[in-house]
Amino acid sequence: LFAGIQDAPLDPIMRLFEAFNADPSPKKLNLVVGVYTDADGKVPRLRAVQTAEKRWIEKGLPKTYRPIEGTKPFRDAVQALLFGAGAPILSQNRTATLQSIGGTGALKTGADILAKLYPDATVAVSNPSWENHKALFTQAGFTVVDYPYFSAETGGADYPAMKAYLRDLPKGSIVVLHACCHNPTGADLTIDEWRDLVPLMAERGLVPFLDIAYQGFGNGLDADAEPVRLFAESGQEFLVASSFSKSFSLYGERVGALTIVAENPSARAKVEAFAKRLVRASYSNPHTHGAAIVEIVLTDPELRADWERELAEMRDRIRAMRERMADSLQQRHPERGFDAIKVQKGMFSYTGLSPAEATRLREEHEVYALETGRICVAAVNSHNIDHVIDAIDAVVKG
Ligand code: LMR
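Here's a quick rundown of the structure. (Residues numbered from 1 in each chain as written. Predicted model: local features only at pLDDT ≥ 70, side-chain atom pairs only at ≥ 80, totals over all residues. Heavy atoms only, no water.)

### Digging into the packing of helix α4 (residues 102–117) against helix α5 (residues 131–139)
In a packed pair of helices, the relevant descriptors are the angle between the two axes and the axis-to-axis distance.
Here comes step 1: Where α4 meets α5, the closest approach of the two axes is 10 Å, and the angle between their N-to-C directions is 30 degrees. Of the two possible hands of crossing, α4 and α5 adopt the one that is right-handed. For the pair formed by α4 and α5, the contact residues are T104, L107, K108 and A111 on the first element and N132, H133, L136 and F137 on the second. (Axes fitted to C-alpha atoms, helices over the stretch in contact; angles between N-to-C directions. Helix = DSSP H or I, 4+ residues; strand = E, 2+ residues; numbered from the N terminus. Left-handed = near helix turned anticlockwise from the far one by under 90°. Contact = heavy atoms within 4.5 Å.)

Have a look at this one:
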């Protein structure tokens, strides 16, 4: 029955994550997968999340089916996070949000909707992009191409090259954009570049699909959503995939949301019904627990304020680690451009390490990083930072 299956290797992130889990060494360090760990190297249980969880359990509510699209307070809270409380778009009734299975589930449902409507469209993802973007859109049936994005010379985004490429994409192409904290490089567009890009997308008839998996980890909750808000103000139709895995440290709960901005209320109603039908035939209903926790935190002013404080602490801690790493490595190897680590945002950095150097990092120093040179800076802390810096130093020296 299954003999015809071709080799189906996992993507490098999950492959190395499995190798890391299988490695018995107590000294091993996981800089592969995008998980924030605190100053003691632990995946934090956020204060507000713990309180919300307690409250939820005390209520003792039955675990009946959740609405396909999630509850209204959850969806409203997601929209307010994306667009800002009181944003004009929130009263225009052209925005549909559906709770999803993490950010990946949001991308997948969005991809399935678009694939049903426009099976011949091309999907463009950044070069490089999150490993799963290409796989996910390919699996949905699309031809996936990549647009120039990262400049290895500057360690930043190359907006002129990206723009030149997008300008020539066929009308109706879907463009996956990282709203903030670009995964895997940490290199974001500037706000002026976004201001230039947003009208270009409309002029060229391109379909924006924004991935915002790290809202709050770059410059703050509002600042990180600025690109989403620029699209909202432009009047265009677009899609957004949100993830709460990182910002609530609820990875295994798989809480996310797909938000679809349509032209008008009637188009919104149509696409919402269409999305619900697809979900019904896919996984039927979303889960309860994780989304209920996120909903309680986002709708309770005190818990919300505490969550924002803790998110800021995570952001600041990553920034401090970035600065220490960048300064130290830049001093040791001024020719390698390590100072970009300081400017890059979010959980990841492209260190510029070659595949051979990344392999040596793992084999000789037990520091697991992707062969592309991506490291998860969010897993670096004051206990392991010297080891990480020394290990990178050693492999760069050759
Ligand atoms: C990552 O890029 O490491 C994270 O987004 C986790 C994942 O699912 O790949």
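### A short note on the pattern of salt bridges
Here comes step 1: Tallied over the entire structure, the rule returns 25 salt bridges.
Here comes step 2: Measuring nitrogen to oxygen at the nearest pair gives 4.0 Å for the salt bridge that ties K27 to E366. Of this pair, K27 sits in the loop between α1 (12–22) and β1 (29–30) while E366 sits in the loop between α14 (355–365) and β12 (367–368), and the two are 339 residues apart along the sequence.
Here comes step 3: A salt bridge links K134 to D146; its shortest N-O distance comes to 2.8 Å. Of the two residues, K134 sits in helix α5 while D146 sits in strand β4 (residues 143–148), which places them 12 residues apart along the sequence.
Here comes step 4: Taken together, the shared-partner salt bridges connect R47, D306, R309, E310 and E313 into one network. (Salt bridge = Lys/Arg side-chain N within 4 Å of Asp/Glu carboxyl O.)

### A few points about the side chain of T259
Here comes step 1: By secondary structure assignment, the location of T259 is in strand β10 (residues 255–261).
Here comes step 2: What T259 contacts, discounting residues up to four positions off in sequence, is V78, L82, F83, T95, A96, T97, F238, L239 and V240.

### Section: a nonpolar patch on the surface
Here comes step 1: On the surface, L1, F2 and I5 cluster together to form a nonpolar patch covering roughly 450 Å² of accessible area.
Here comes step 2: Relative to the assigned elements, I5 resides in the segment before α1. (Patch = residues over 30% accessible without salt bridge, like charges linked within 9 Å, V, L, I, M, F, W, Y side chains within 5 Å. Areas by Shrake-Rupley, 256 points an atom, 1.4 Å probe, with all protein chains shown as cover.)

### Re the environment of A161
Here comes step 1: Locating A161 in the fold gives a position in helix α6 (residues 159–167).
Here comes step 2: Residues A161 and H182 lie 21 residues apart in sequence; the distance between their C-alpha atoms is 17 Å.

### Describing unusual backbone geometry
Here comes step 1: Looking along the chain, the bond that leaves N127 and enters P128 is cis, with omega of 0 degrees.
Here comes step 2: Relative to the helices and strands, P128 is located in the loop between β3 (122–127) and α5.
Here comes step 3: For R254, which is not glycine, the phi dihedral falls at a positive 55 degrees.
Here comes step 4: Tracing the sequence through the fold places R254 in the loop between β9 (238–243) and β10.
Here comes step 5: With relative accessibility at 30%, the residue R254 sits in the partly exposed group.
Here comes step 6: Backbone geometry places S284, a non-glycine residue, at a positive phi of 75 degrees.
Here comes step 7: On the secondary structure map, S284 appears in the loop between α10 (265–280) and α11 (289–299).
Here comes step 8: Overall, S284 belongs to the buried group, its relative accessible area being 17%. (Buried < 20%, exposed > 50% of the residue type's maximum accessible area, 1.4 Å probe, protein only.)

### A word on the site of the ligand
Here comes step 1: Around the ligand sit I13, M14, V33, G34, W130, N183, Y214, K246, F348 and R374, and those are all the residues in its vicinity.
Here comes step 2: A distance of 2.9 Å is found between an oxygen atom of the ligand and a side-chain nitrogen or oxygen belonging to W130.
Here comes step 3: The protein chains hide 83% of the 260 Å² of surface that the ligand would expose on its own.
Here comes step 4: The site holding the ligand turns out to be the largest pocket.
Here comes step 5: Residues that form the shell around the ligand fall into these classes: six nonpolar, two polar and two charged.
Here comes step 6: Two domains each put at least three residues into the shell around the ligand: domain 1 (12–45 + 313–397) and domain 2 (50–302). (Near = heavy atom within 4 Å. Polar contact = N/O pair within 3.5 Å; in protein donor to acceptor, adjacent residues only side chain to side chain. 1 Å grid on protein atoms, 1.4 Å probe; cavity = no way out; pocket = protein on both sides within 12 Å on 5 of 7 lines; lining within 4 Å. Sits in = over half its atoms within 2 Å of the grid points. Nonpolar A, V, L, I, M, F, W, Y, C, P; charged D, E, K, R; others polar. Domains from an automatic or database assignment.)

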